[in-house]
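Chain by chain, the residues:
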Amino acid sequence: MMKKLFFFLLLITNVIAYEKITPIEEFMVNKAKAKLGMKLFFDFQFSANKMVSCRNCHNPMTGWADRKNVSTGVYFKKGVIQSPTVLNSVYNFKQFWNGRATSLKEQIDGPIHNPVEMGINAKEVEKIINKSPYKEMFSKVYFKDKFTYDDFKDAIANFEYFLTTPNSKFDKYLQKKASLTKSEMNGYKLFKSVGCINCHDGQNVGGGKFAKFGTAHKVDNCYGDRFEITHNPKDKCVYKVPTLRNINLTAPYFHDARIYDLKKAIAFEAWNECNTKLSKQQIEDIYNFLLTLQGDFPKLRELMR
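It should be emphasised that the depicted structure is a prediction, and the values quoted were computed from it without experimental measurement. Along each chain, numbering runs from 1 in the same order as the chain's sequence is written. Whole-chain, interface and lining totals are the exception, using all residues; otherwise, since this is a predicted model, local features are given only for residues with pLDDT of at least 70 and side-chain atom pairs are given and counted only at 80 or more. Derived side-chain values reflect all non-hydrogen atoms in the structure, with water molecules and hydrogen atoms excluded from consideration.

> Report on the overall build of the protein, specifying residues and quantitative values.
When helices and strands are tallied, the protein shows 12 helices and two strands. Going from the N terminus to the C terminus, the protein shows its helices and strands as α-α-α-α-α-α-α-α-α-β-α-β-α-α. Taken along its principal axes, the extent of the C-alpha atoms in the protein is 70 × 50 × 35 Å. Here the protein holds 305 residues, and 48% of them are scored as buried. To be clear on the numbers: accessible area is Shrake-Rupley with a 1.4 Å probe, and residue cover counts the displayed protein chains and nothing else. Total accessible area on the protein is roughly 16,000 Å²; 57% of this is exposed by carbon and sulfur atoms. Looking at the protein, you have 47 positive and 31 negative side-chain charges, and the mean spots of the two groups are 2 Å apart. Each helix is a run of H or I in the DSSP string that is no shorter than four residues. Each strand is a run of E no shorter than two, and both are numbered from the N terminus. Each residue is placed in one exposure class: buried if its accessible area under a 1.4 Å probe, protein chains only, is under 20% of its type's maximum, exposed if it is over 50%, and partly exposed if it falls in between. Note on charges: Lys and Arg go in the positive column, Asp and Glu in the negative column, and His and the chain ends are not counted at all. We put the charge of a Lys on NZ, of an Arg on CZ, of an Asp on CG and of a Glu on CD.

> Lay out the state of the cysteines with the relevant residues and their values.
Any two cysteine sulfur atoms within 2.5 Å of one another count as a disulfide. Tallying each qualifying case throughout the model produces one disulfide. A sulfur-sulfur separation of 1.9 Å characterises the disulfide bridge that pairs Cys-222 with Cys-237. Measuring handedness by torsion sign, the sulfur bridge of Cys-222 and Cys-237 sits at about 105 degrees and is right-handed. Placement of Cys-222 in the loop between strand 1 (210-212) and helix 10 (227-230) and of Cys-237 in the loop between helix 10 and strand 2 (238-240) is noted, with a sequence separation of 15 residues between them. Overall, Cys-222 belongs to the buried group, its relative accessible area being 12%. The thiol sulfur of Cys-196 is not disulfide-bonded, and the nearest other cysteine sulfur, from Cys-274, lies at 4.9 Å. Judged by its relative accessible area of 22%, Cys-274 falls in the partly exposed class.

> Could you give an account of the confidence of the model for the protein, naming the residues involved and the relevant values?
Of the residues in the protein, 94% reach a pLDDT of 70 or more, and the chain-wide mean stands at 94. Segment residues 5-16: pLDDT under 50, and zero contacts once partners within four positions in sequence are set aside and those in other chains are kept. Residue-level confidence of the predictor, termed pLDDT, takes values from 0 up to 100. Residue contacts follow a heavy-atom distance rule, with two residues in contact if any of their heavy atoms lie within 4.5 Å.

> If you had to explain helix 12 (residues 280-291) to someone new, which residues and values would you point to?
Helix length check: helix 12 (12 residues) gives 17 Å between terminal C-alpha atoms against 16 Å at 1.5 Å per residue, within 8%. Looking at helix 12, one finds that the buried residues are Ile-283, Asp-285, Ile-286, Asn-288, Phe-289 and Leu-290. The elements touched by buried residues of helix 12 are helix 8 (169-174), helix 9 (182-194) and helix 11 (262-274). An expected span of 1.5 Å times one less than the residue number is assigned to each helix.

> Account for the side chain of Gln-82, naming residues and giving values.
Looking at the element boundaries, Gln-82 is found in the loop between helix 2 (31-41) and helix 3 (104-107). Using a relative accessible area of 2% as the deciding quantity, one classes Gln-82 as buried. Whenever a nitrogen or oxygen atom comes within 3.5 Å of another N or O atom, the pair is scored as a polar contact, on the condition that within protein one atom can donate a hydrogen and the other can accept it, and that pairs from neighbouring residues in sequence are kept only if both atoms are in side chains. Of the polar contacts made by the side chain of Gln-82, one reaches the backbone oxygen of Asp-66; its length is 2.8 Å. With residues up to four places along the chain from it excluded, the contact list for Gln-82 reads Asp-66, Lys-68, Asn-69, Trp-97, Pro-252, Phe-254, His-255 and Ala-257.

> Talk me through the layout of surface pockets; I want residue IDs and the actual numbers.
Site definitions follow a grid-based scheme: protein atoms alone, a 1 Å grid, a 1.4 Å probe that fits but cannot get out for cavities, and for pockets an open set with protein on both sides within 12 Å along at least five of seven lines, plus lining residues having an atom within 4 Å of a point. Grid points are joined across faces, edges and corners, and a volume is the space filled by probe spheres set on the points. Estimates place the volume of the second largest pocket at around 360 Å³. Lining the second largest pocket are 17 residues, and of these Glu-26, Phe-162, Thr-164, Pro-166 and Glu-302 lie nearest its centre. Classifying every residue of the lining of the second largest pocket gives nine nonpolar, two polar and six charged. In this classification, the charged set is Asp, Glu, Lys and Arg, the nonpolar set is Ala, Val, Leu, Ile, Met, Phe, Trp, Tyr, Cys and Pro, and all remaining amino acids, among them Gly, are polar.

> Can you tell me about the packing of aromatic side chains, naming the residues and giving the values?
Here the aromatic set is Phe, Tyr and Trp, taking the six-membered ring for Trp, and pairing holds for ring centres within 6.5 Å; pairs whose planes are under 30 degrees apart are stacked, those over 60 apart are edge-to-face, and all others are tilted. This structure, assessed with the given rule, holds 25 aromatic pairs. Summarising the aromatic geometry, the rings of Phe-41 and Phe-42 are spaced 5.2 Å apart at their centres and angled 65 degrees between planes, so their arrangement reads as edge-to-face. On the basis of relative accessible area, Phe-41 is assigned to the buried category, the value being 0%. Taking the centre distance of 6.0 Å and the plane angle of 40 degrees together, the rings of Phe-213 and Phe-268 count as tilted. With Phe-213 in the loop between strand 1 and helix 10 and Phe-268 in helix 11, the pair connects residues that are 55 residues apart, well separated along the chain. Residue class for Phe-268 comes out buried when judged on its relative accessible area of 17%. Each residue in the set Phe-46, Tyr-134, Phe-138, Tyr-142, Phe-147, Tyr-149 and Phe-152 is aromatic and connected to the rest through ring pairs, giving one cluster. Sitting over a ring, as applied to charges here, requires NZ of Lys or CZ of Arg to be within 6 Å of the ring centre and within 35 degrees of the ring normal. The ring of Phe-96 is capped by Arg-100, whose NZ or CZ atom sits 3.6 Å from the centre of that ring. Here Lys-263 stacks its cationic end above the ring of Tyr-287, 4.8 Å away from the centre of that ring.

> Run through the environment of Ile-259, naming residues and quoting values.
By the secondary structure assignment, Ile-259 is in the loop between strand 2 and helix 11. With 114 residues separating them in the primary sequence, Ile-259 and Asp-145 have C-alpha atoms 49 Å apart. The residues touching Ile-259, leaving out its near neighbours within four places in the chain, are Pro-252, Tyr-253, Phe-254, Lys-264, Ala-265 and Phe-268.

> Break down the pattern of salt bridges for me, citing the residues and quoting the values.
What counts as a salt bridge is simple: a side-chain nitrogen of Lys or Arg found within 4 Å of a carboxyl oxygen of Asp or Glu. Tallied over the full model, the rule gives 12 salt bridges. A salt bridge links Lys-153 to Asp-109; the nearest nitrogen and oxygen atoms lie 3.2 Å apart. One end of the pair, Lys-153, is in helix 7 (residues 149-162); the other, Asp-109, is in helix 4 (residues 109-113), and 44 residues separate them in sequence. Using a relative accessible area of 24% as the deciding quantity, one classes Asp-109 as partly exposed. Put simply, Lys-209 and Asp-201 hold a salt bridge, and the shortest N to O gap is 3.3 Å. Judged by its relative accessible area of 15%, Asp-201 falls in the buried class. Salt bridges here are not isolated pairs; linked through shared partners, they connect Asp-220, Asp-256 and Arg-258.

This is how it looks when you write it as structure tokens:
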């Protein structure tokens, strides 16, 4: 009898302890490659007009995202979709809003070759990295004499692996190292009961699945969606779920940048995805919970030593 009671209590404890959101775990990074990748990330040489770098769309001063509705590429050409943050993108199961890339390394092909973004081909990249000063830098990392476009992508991907934000207040709460305020806790409970957590879960509080935009109520402006990749009618208005980590720093929101105010975005999502109209206080509580997802920003100085 006591044995059965023990296993019952153990089961109950595990159910109570289970959380669909998990803390960010340390991602092992090759610091030498990341240091080289950082230089490449910020270098304007890797664009057709020598005026655009990865930073143009992923600005460290704006949450490693872009505050504009669409980013500006070479020759002042405009993109067609909002640039998401690169922070914690290593935890995404796919890259881009429509998930057309399966890894960060593959994702680099998109902006590099896109004539609207950076507009440069692999051979042009290889010419630059096989001349001074890059040739010497690459030789210290890849230990060979000639370097490829794949080496270029590998270095940038390693830098992006470095761009994580651990130690958020909510992570510390999950690790029993911090407490949430009453409003933050109410917000977290609402986040679960309303249904937000059904899409925004895991280490990245999102980024782990595709979901229809406008599940409860139909929305417009469904371009750049999963349908453009699969041509399956079921994938119309389907996008990769974005991360909510550091969400207070990465406005505007959604693929079409339709909302700049986070509280308005909360109300919009609750209604259009979960068929729930939130009160002003409920919006405030969820907002306060989302603020606890801001973590420590990458310490770039570690790569400058």
